[in-house]
Amino acid sequence: GRDLLSVAKGRTNVIPIIEDARHPLKYRMLVGMVDCVFADIAQPDQARIVALNSHYFLKNGGHSVISIKASCIDSTAAPEAVFRREVSKLQSENFKPLEQLTLEPYERDHCVLISQYRPTKKKKSDQ
């Protein structure tokens, strides 16, 4: 929390919310629609939490950046299997994965997933 607050002080486009992310209705009136949702939460249902907040706050075509901690979701499964399941959960919530990076050797069994929410359809003239 303190790190987020110090980063947000110098940036007018960062809105720190120190609140339980499982209950977005508690802070719904504080935030409008956003271009990007960043989530670094160690919760077994973090894909659901990110999707729920994105439904309230993330613009169509916006992006999410999620730090996935495999051991917090399922400590008995291989990290790669956990990452695949989380990606699948997000895809079912209308996210399109764009990039997935492991954080090895800095963080063990962690990855960062960048995805687009409700990607906009390209017109035939744009292709």
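For the structure, check the block above.
Residues numbered from 1 in each chain as written. Predicted model: local features only at pLDDT ≥ 70, side-chain atom pairs only at ≥ 80, totals over all residues. Heavy atoms only, no water.

*Asks:* Help me understand the nonpolar core in this model?
*Replies:* Soluble, globular proteins show a tendency: their nonpolar side chains are buried together. Core analysis: the biggest nonpolar cluster contains 22 residues, and V34, V50, L58, I68, L90 and F95 have the highest contact counts within it. Those elements that place two or more of their residues in this core are β1 (34–39), α2 (46–57), β2 (58–69), α3 (70–73), α4 (79–92) and β4 (110–117). Not counting residues up to four positions away in its chain, the partners in contact with I68 are Q46, I73, F83, E86, D109, H110, C111 and L113. (Core = buried A, V, L, I, M, F, W, Y, C linked by side-chain atoms within 4.5 Å. Buried < 20%, exposed > 50% of the residue type's maximum accessible area, 1.4 Å probe, protein only. Helix = DSSP H or I, 4+ residues; strand = E, 2+ residues; numbered from the N terminus. Contact = heavy atoms within 4.5 Å.)

*Asks:* Help me understand a nonpolar patch on the surface in this model?
*Replies:* On the surface, L4, L5 and I18 cluster together into a nonpolar patch covering about 260 Å² of accessible area. Within the secondary structure layout, L4 lies in helix α1 (residues 2–9). For L4, a relative accessible area of 34% puts it in the partly exposed group. (Patch = residues over 30% accessible without salt bridge, like charges linked within 9 Å, V, L, I, M, F, W, Y side chains within 5 Å. Areas by Shrake-Rupley, 256 points an atom, 1.4 Å probe, with all protein chains shown as cover. Salt bridge = Lys/Arg side-chain N within 4 Å of Asp/Glu carboxyl O.)

*Asks:* Explain the pairing of β4 here, please?
*Replies:* Along any regular strand, the residues point their side chains to alternate faces of the sheet. With seven of eight residues buried, β4 lies mostly within the body of the structure. The pairing of strand β3 (residues 95–102) with β4 spans seven bridges and is classified as antiparallel. Residue E99 lies in a different strand from β4, and its bridge partner there is I114. (Pairing = 2+ DSSP bridges.)

*Asks:* Explain the layout of surface pockets to me, please; I cannot follow it from the model alone.
*Replies:* Empty space within the largest pocket amounts to approximately 950 Å³. Elements that contribute at least two residues to the lining of the largest pocket include exactly α1, β1 and α2. Sorting elements by how many residues they give to the lining of the largest pocket places β1 first, with six residues. For the lining of the largest pocket, the class distribution of residues is 19 nonpolar, three polar and four charged. (1 Å grid on protein atoms, 1.4 Å probe; cavity = no way out; pocket = protein on both sides within 12 Å on 5 of 7 lines; lining within 4 Å. Points joined across faces, edges and corners; volume = space filled by probe spheres on them. Nonpolar A, V, L, I, M, F, W, Y, C, P; charged D, E, K, R; others polar.)

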